[in-house]
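Each chain, written out:
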Amino acid sequence: MTTDLGVKIAPSILSADFARLGDQIRLVEDGGADIVHVDVMDGHFVPNITIGPPVVAAIRKITGLPLDCHLMIDRPERFIDDFADAGANMISVHPEASIHLHRTLAAIRARDCLAGVVLNPSTPLSVLDEVLGSIDFILVMSVNPGFGGQKFIEHSLDKVRRLRSMIAVRGLQIAIEIDGGIGMSTAGPVAEAGAELLVAGSAIFGDPDPKGAVGRLRRAAMAPFTV
Ligand code: DX5
Ligand code: ZN
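Quick summary incoming for the structure in this document.

Conventions we followed
Residues numbered from 1 in each chain as written. Chains lettered and ligands numbered in written order. Predicted model: local features only at pLDDT ≥ 70, side-chain atom pairs only at ≥ 80, totals over all residues. Heavy atoms only, no water. Near = heavy atom within 4 Å. Polar contact = N/O pair within 3.5 Å; in protein donor to acceptor, adjacent residues only side chain to side chain. Areas by Shrake-Rupley, 256 points an atom, 1.4 Å probe, with all protein chains shown as cover. Helix = DSSP H or I, 4+ residues; strand = E, 2+ residues; numbered from the N terminus. Nonpolar A, V, L, I, M, F, W, Y, C, P; charged D, E, K, R; others polar. Pairing = 2+ DSSP bridges. Axes fitted to C-alpha atoms, helices over the stretch in contact; angles between N-to-C directions. Parallel < 35°, antiparallel > 145°, perpendicular 65-115°, else oblique. Left-handed = near helix turned anticlockwise from the far one by under 90°. Contact = heavy atoms within 4.5 Å. Donors = N, O, S within 2.8 Å, 3.2 Å for Na, K, Ca; no water. Tetrahedral: all angles 85-135°; square planar, octahedral: opposite > 155°, others 65-115°. Buried < 20%, exposed > 50% of the residue type's maximum accessible area, 1.4 Å probe, protein only. Core = buried A, V, L, I, M, F, W, Y, C linked by side-chain atoms within 4.5 Å.

## Section: the site of ligand 1
Alright, step 1. By nearness alone, 20 residues border ligand 1, and Asp-39, Gly-146, Asp-179, Gly-201 and Ser-202 come closest of all.
Alright, step 2. Contacts to ligand 1 include Gly-149, whose backbone N or O atom sits 2.8 Å from an oxygen atom.
Alright, step 3. Out of a free accessible area of 390 Å², ligand 1 has 100% covered by protein chains.
Alright, step 4. When contributions to the shell around ligand 1 are tallied by element, the ones reaching two or more residues are strand E2 (36-41), strand E3 (67-72) and strand E8 (197-200).
Alright, step 5. Broken down by element, the residue count for the shell around ligand 1 peaks at 3 residues, all from E2.
Alright, step 6. Here the residues of the shell around ligand 1 sort into 8 nonpolar, 10 polar and 2 charged.

Here it is as structure tokens:
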């Protein structure tokens, strides 16, 4: 998960057709997707309800891709084991939702999952100061979480740049993921700013050709690095 390997594309199944979820995941896998992003919402931390561990377990059976569970739920520490048992490979939590964040991150790593902290648009980078050594990735929200199809918040570009330099100064290997409003026009700028894992829901599953959309998004993300 470093820039040397180029960007990774993580389709968010939030925008998939849930009645054909297996087919939709196979499509993006055939299109070269690197990761499957799973948005878990509880109707408390965010004003929407989505899916939980049983769906993750069902997805686990039909794909070998890493499963990235983005927990938009209160007190996510209650469910780390459930998501790990279901087959999650990456689990990220919002610091506002987990009082003992350090313990929660340790619990994720103890289950051999990559541990991530998610920053809402209003969450400052300073929340990471004491946990940077305990995480594998940081998920920068470029919309307020809860729904797909929202407009990219431009300020996120500067946030990714500052985060990239904060990680470099500390000499750490931490991947930056970005989520919200990522599409053909924003993929290049966010990759250039330093994001390596690009989550995209509507730009992939809202496209009539989700399989082709994965490659198009990757090319858009790599465009700033191509001469
Ligand atoms: C929003 C979710 C996102 C969502 C992104 O709360 O975390 O993963 O699926 O959707 P798009 O790519 O449509 O902005
Ligand atoms: Zn997400």
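So that's the structure; there's more coming.
## Re the sheet that holds E2
Alright, step 1. The parallel open sheet is built from 8 strands, whose spatial order is E1-E8-E7-E6-E5-E4-E3-E2. What marks the edges here is a single partner per strand, and that holds for strand E1 (8-11) and E2. Geometrically, the sheet is characterised by an average inter-axis angle of 25° between neighbouring strands, direction not taken into account.
Alright, step 2. Across 6 bridges, the pairing between E2 and E3 is parallel. In the strand pairing of E3, His-37 is matched with Asp-68.

## A word on the packing of helix H1 (residues 21-30) against helix H8 (residues 210-222)
Alright, step 1. It is at 7 Å that the axes of H1 and H8 come closest, and there the two elements cross at 40°. For the element pair H1 / H8, the angle class is oblique. Along this stretch, H1 crosses H8, giving a crossing that reads as right-handed. Between H1 and H8, the contacting residues are Leu-27, Val-28 and Asp-30 on the first element and Pro-210, Lys-211 and Val-214 on the second.
Alright, step 2. Looking at side-chain class alone, the contact of H1 with H8 contains 4 nonpolar, no polar and 2 charged residues.

## Overview of the coordination of the zinc ion (ligand 2)
Alright, step 1. Taken together, the protein ligands of the zinc ion (ligand 2) are His-37 (NE2), Asp-39 (OD), His-70 (ND1) and Asp-179 (OD), with distances of 2.0 to 2.3 Å.
Alright, step 2. Taken together, the 6 donor atoms coordinating the zinc ion (ligand 2) span angles of 70 to 166° at the metal, a pattern that classifies the geometry as octahedral.
Alright, step 3. On the accessibility criterion, His-37 (0% relative accessible area) is buried.

## Observations concerning the nonpolar core
Alright, step 1. Grouped together as the largest cluster of nonpolar side chains are 64 residues, with contacts concentrated most on Ile-13, Leu-128, Ile-138 and Leu-198.
Alright, step 2. Excluding anything up to four places from it in sequence, Ile-13 contacts Phe-18, Leu-21, Ile-25, Val-36, His-37, Val-38, Ile-51, Ile-59 and Phe-205.
Alright, step 3. Residues Ala-10, Ile-35, Phe-137 and Ala-175 belong to the second largest nonpolar core, which totals 7 residues.

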